[in-house]
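Results of the structural survey
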Amino acid sequence: AQLYCVRADGQMAVCTYNLEQDVTAWGRWITDGVVESVASIPTSDSEQTWLVVRRTVGGVQKRFVEFFDPTLKTDSAVTATDETAKATWDGLDHLNGKTVQALANGVYQGTFTVAAGAVTLPRNANAVEFGLAYTPRMKLLNPEVGSAAGTSQGAAISVGEVIVRVLDTVGVVINGQTKTFRKMNDSLLDVPPEVGTGDMRETTLSDALYRNELVITQPEPVDFHVLAVIRKCTIND
C-alpha cells in the first residue's frame, strides 16, 4: 500500500508500507510541474490514484488531471497505434514545446521536442508512447555489516563488488555504469532490448575510504524493478 502526501513545493512524499514484510519506506516523487492535489478513487477491483498537476506549457500555466497507469513509462503520456507504420505522430498539443521521451514498438528512441502538437521519429512504428521523463533513483546508506568492534560505522570500508538483483528489468545504471542482460549477436539486432531477471554486477565502485555512496538509477523509460542490493565489503578497524 502507498500513502501520498502533497508537499508545499509541489513534490510528493510517498510512503510505501507492507505490514507482512515490515516495510515502511518514504520516497520523493517529482514531475515536470507542481502537484496541487491527489486522491484515490475506488474501482471495481482496486483503487486508482488521480492528480491535479500545474505545468507551464508555451509560457502559459495549465492544469492537468492525470492518473497513475503502471503500464506507462512516462508522465502525462500519450499512447497510440496504427496498423500502417508511420514516423509522424500528432495528438500531443498538451505538451507543445516540451521535451518528451519516445518509445516506438517497445524500443526507446530518445528525446524529441513537440512542435505543432506532433513528433517525427527517425523510423516508422506501429505503436508509440510519448511523455515527460522521470528518473527512478535509489541512494543507499553506508553499509552496516558488523565488525569486531560491534559496528562498521566510522570504520574504513571498501566496497569491492555490488550485485543488484532485478525482476523483469531491461537494465540499471550503477554509479554511472550501465548494466544490461543483452549480449550481441545477429538475432538481437532491430528488436526490443531483452527484459531479464537475475543479478547485475559492478566491481570496484570505490577505493576511497569512507566514501561508498551507491546510486542506482534508470534514466530511460524501460522496465525497472529492483529486488535486492548486495554489497561485498572489506572493513578495516
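For the structure, check the block above.
Computed from a predicted structure; not experimentally measured. (Residues numbered from 1 in each chain as written. Predicted model: local features only at pLDDT ≥ 70, side-chain atom pairs only at ≥ 80, totals over all residues. Heavy atoms only, no water.)

Let us now look at the pairing of strand β4 (residues 34–42). Pairing of β4 with strand β5 (residues 47–57) involves 8 bridges; the strand directions are antiparallel. Among the inter-strand pairings, I41 is bridged to a residue of β5, identified as Q48. (Pairing = 2+ DSSP bridges. Helix = DSSP H or I, 4+ residues; strand = E, 2+ residues; numbered from the N terminus.)

Overall, antiparallel pairing links the 3 strands, which are arranged β4-β5-β6 in an open sheet. Every other strand in the sheet has two partners, leaving β4 and β6 (60–67) as the edge strands with one partner each. Here the average twist between neighbouring strands, direction ignored, is 15°. (Axes fitted to C-alpha atoms, helices over the stretch in contact; angles between N-to-C directions.)

Right, let's talk about a nonpolar patch on the surface for a bit. Judged by side-chain polarity, L3, Y17, L19 and W26 come together as a nonpolar surface patch covering roughly 490 Å² of accessible area. Among the secondary structure elements, L3 is positioned in strand β1 (residues 2–6). (Patch = residues over 30% accessible without salt bridge, like charges linked within 9 Å, V, L, I, M, F, W, Y side chains within 5 Å. Areas by Shrake-Rupley, 256 points an atom, 1.4 Å probe, with all protein chains shown as cover. Salt bridge = Lys/Arg side-chain N within 4 Å of Asp/Glu carboxyl O.)

By the definition in use, this model includes 4 aromatic pairs. Judged by centre distance (5.4 Å) and plane angle (75°), the ring pair of W29 and F68 falls under edge-to-face. Here W29, found in strand β3 (residues 23–29), pairs with F68, found in the loop between β6 and β7 (75–89); they are 39 residues apart in sequence, far enough to count as distant. For W29, a relative accessible area of 32% puts it in the partly exposed group. On the accessibility criterion, F68 (30% relative accessible area) is partly exposed. Note on W50 and F67: the rings are 4.8 Å apart at their centroids and 45° apart in plane angle, and the pair reads as tilted. Pair noted here: W50 is in strand β5 and F67 is in strand β6, with a separation of 17 residues, a long-range link. Given the relative accessible area of 28%, W50 is considered partly exposed. An aromatic cluster of at least three residues, connected via ring pairs, comprises Y4, W29 and F68. R55 extends its terminal NZ or CZ atom over the ring of F64, reaching a point 5.5 Å from the ring centre. Between K86 and the ring centre of W89, over which it is positioned, the NZ or CZ distance is 4.5 Å. (Phe/Tyr/Trp six-rings, centres within 6.5 Å; stacked < 30°, edge-to-face > 60°. Buried < 20%, exposed > 50% of the residue type's maximum accessible area, 1.4 Å probe, protein only. Lys NZ or Arg CZ within 6 Å of the ring centre and 35° of its normal.)

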